[in-house]
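Now for the letters of each chain:
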Amino acid sequence: MYQEYAWKKYKDQHMSEVTKFNEEYKSFLTKGKTERLCVREAIQLCEAAGFKNIKECTTIQAGDKVYAVNKHKNIAAFVVGEQPLSSGLAILGAHIDSPRIDLKQNPLYESDTFVYLDTHYYGGIIKYQWVTIPLAMYGVVIKKDGTTVEIQIGDDPTDPVFGITDLLPHLAAEKMQKAASKVIEGEGLDILIGSMPVEDEEKDPSKKRILNLLKEKYDISEEDFVSAEIEIVPAGSARDFGLDRSMVAGYGHDDRVCAYTSLRALLDAPKCARTICAVLVDKEEIGSVGATGASSLWFENCIAELIALAEEYSDFKVRKALTNSVMLSSDVSAGLDPLYPSVSERRNVAYLGKGICFNKYTGSRGKSGCNDAQPEFIAKLRNMMDQDNIFYQTSELGKVDQGGGGTIAYILANYNMNVIDAGVPVLSMHSPMEIVSKVDVYEAYLAYKTFLKNA
Ligand code: MN
Ligand code: MN
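All values derive from a computational prediction rather than experimental measurement. (Residues numbered from 1 in each chain as written. Chains lettered and ligands numbered in written order. Predicted model: local features only at pLDDT ≥ 70, side-chain atom pairs only at ≥ 80, totals over all residues. Heavy atoms only, no water.)

Enquirer: I tried to follow the layout of surface pockets on my own but got confused; where do I start?
Expert: Vacant regions in the atomic arrangement are exposed by a probe of water-molecule size rolled over the atoms. Each pocket or cavity is described by its volume, and for the largest pocket that value is around 1,200 Å³. Lining of the largest pocket is provided by 42 residues; of these, A334, L397, G404, M429 and H430 occupy positions nearest its centre. Of all the secondary-structure elements, those providing two or more residues to the lining of the largest pocket are β15 (333-334), β19 (404-405) and β20 (418-423). For the lining of the largest pocket, the class distribution of residues is 16 nonpolar, 20 polar and six charged. The computed volume of the second largest pocket comes to approximately 410 Å³. Considering the residues around the second largest pocket, the lining is formed by 20 residues, among which I153, F162, I210, L213 and L214 are closest to the centre. (1 Å grid on protein atoms, 1.4 Å probe; cavity = no way out; pocket = protein on both sides within 12 Å on 5 of 7 lines; lining within 4 Å. Points joined across faces, edges and corners; volume = space filled by probe spheres on them. Helix = DSSP H or I, 4+ residues; strand = E, 2+ residues; numbered from the N terminus. Nonpolar A, V, L, I, M, F, W, Y, C, P; charged D, E, K, R; others polar.)

Next up, the structure:
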């Protein structure tokens, strides 16, 4: 069903399946505050569903369920089909990194007995949204001997939280004259983490106490921050949003909502003729670069490994497998916000509640930098969606020339595979509290399953 509110599909008696699925999603989102933690959760879901680590496989055959992990930050799960891999896979690809605030390598300093962590934000954030809210600290510190110290502070109810202070209105007259982009600047996003000096310590007495605590509790020194990956993220759990509980508020819907629904679709998919795959990648928010981003050769190598395990290997088979594949780039869309109608064009915008949203193209200005999906491919998708009574919609990211953005779609399309963006519309995207509609989350899950079965 195209461009209709999906709630009508779920009369009250069917709401329980939507509610139940969203409860499971909220739990994933609450636990998956970093890409590493999302991968950890994904591994657990895969293993519970009988998937094996590809490292333990010496051969694979039709019906086998395997997963591969890259550097703790990517996971690809596959169900091997009857057809040879060179006939192509049906792939769901989502990203599990979300905008946030990272610590600098030399972050710790004291100022007037306050202790701060200096930061460098990650991804596109509106900086003023991140001050005066409770923040949590997640990540890893890798010590010189290779041991990993895991940090998770701020979400256990007994934990302290952290935050970024802001000026009181009484003294903000000058600040209020600034452009919104300058009100809070990148170097102003420093995290307050302490204020209690150690007695008889002359230089940086409060910092000394924090260093003592880090030593006691985690056995780390100040220099260990050099090889750390610590992310400052909003504290708190994903919650129902609205008196009618129709929405979910949480940090990191972009793009963990599509990551979770894609992975669940794969785990719950019926037997498919083709090999099916869900791949979760990192670094989308900063351009899909690096070893764990979608531009990395890792995924291509996974396909090569599958072919090598399944049959006689050839490079040509790898290329054929990729070129014959079809993919949904499972990523969120910007939902219409009635408080800001001027940025959207109402006939081509995503609405919360109208189901999964297909974006033929993203990009900016004259579609620059986008993967403009083939209409032949879209026609097949329309047919699939209608046959399974999936509620879906299409949209653009705002009015023409309003702005723009990108996803991983164009990167996989470089293999000459058919790819289109398809995901859940979001309000307040990239903010510390993003909002999605429960019915869209569930429709996305159903749509992804339909795609795996029929593509
Ligand atoms: Mn995204
Ligand atoms: Mn994003």
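Now that the structure has been shown, the text picks up again.
Enquirer: I tried to follow the coordination of the manganese ion (ligand 2) on my own but got confused; where do I start?
Expert: Between any two of four tetrahedral donors, the ideal angle at the metal is 109.5 degrees; between two of six octahedral donors, it is 90 or 180 degrees. Bound to the manganese ion (ligand 2) on the protein side are D254 (OD), E285 (OE), E285 (OE) and H430 (NE2), at distances that span 2.0 to 2.5 Å. Mapping the donors of the manganese ion (ligand 2) onto the primary sequence yields the spacing D-x30-E-x144-H. (Donors = N, O, S within 2.8 Å, 3.2 Å for Na, K, Ca; no water.)

Enquirer: Which parts of the structure should I look at to understand the coordination of the manganese ion (ligand 1)?
Expert: Around the manganese ion (ligand 1), the donor atoms from the protein are H95 (NE2), D254 (OD), D331 (OD) and D331 (OD), and they sit 2.2 to 2.6 Å away. Mapped onto the polypeptide sequence, the residues donating to the manganese ion (ligand 1) form the spacing pattern H-x158-D-x76-D.

Enquirer: What is the right way to look at the side chain of T119 in this model?
Expert: When you line up the elements, T119 lands in strand β6 (residues 114-122). Engagement of the side chain of T119 in a polar contact is seen with the backbone oxygen of L189, the distance being 2.5 Å. The residues contacting T119, other than those within four sequence positions of it, are I101, D102, L103, K104, G186, L189, D190 and I191. (Polar contact = N/O pair within 3.5 Å; in protein donor to acceptor, adjacent residues only side chain to side chain. Contact = heavy atoms within 4.5 Å.)

Enquirer: Help me out: how do you make sense of the pattern of salt bridges in this one?
Expert: A pair can form between side chains of opposite charge whenever their charged atoms are brought close. Taken as a whole and assessed by the stated rule, the structure comprises 33 salt bridges. As a salt-bridge pair, D268 and R264 come within 3.2 Å of each other at their nearest N and O atoms. On the criterion of helical spacing, the pair formed by D268 and R264 is a turn pair, its members being four residues apart in helix α5 (residues 253-268). We classify D268 as partly exposed; its relative accessible area is 31%. Several salt bridges converge on common partners, so that one network encompasses E23, K26, D240, R245 and K438. (Salt bridge = Lys/Arg side-chain N within 4 Å of Asp/Glu carboxyl O. Buried < 20%, exposed > 50% of the residue type's maximum accessible area, 1.4 Å probe, protein only.)

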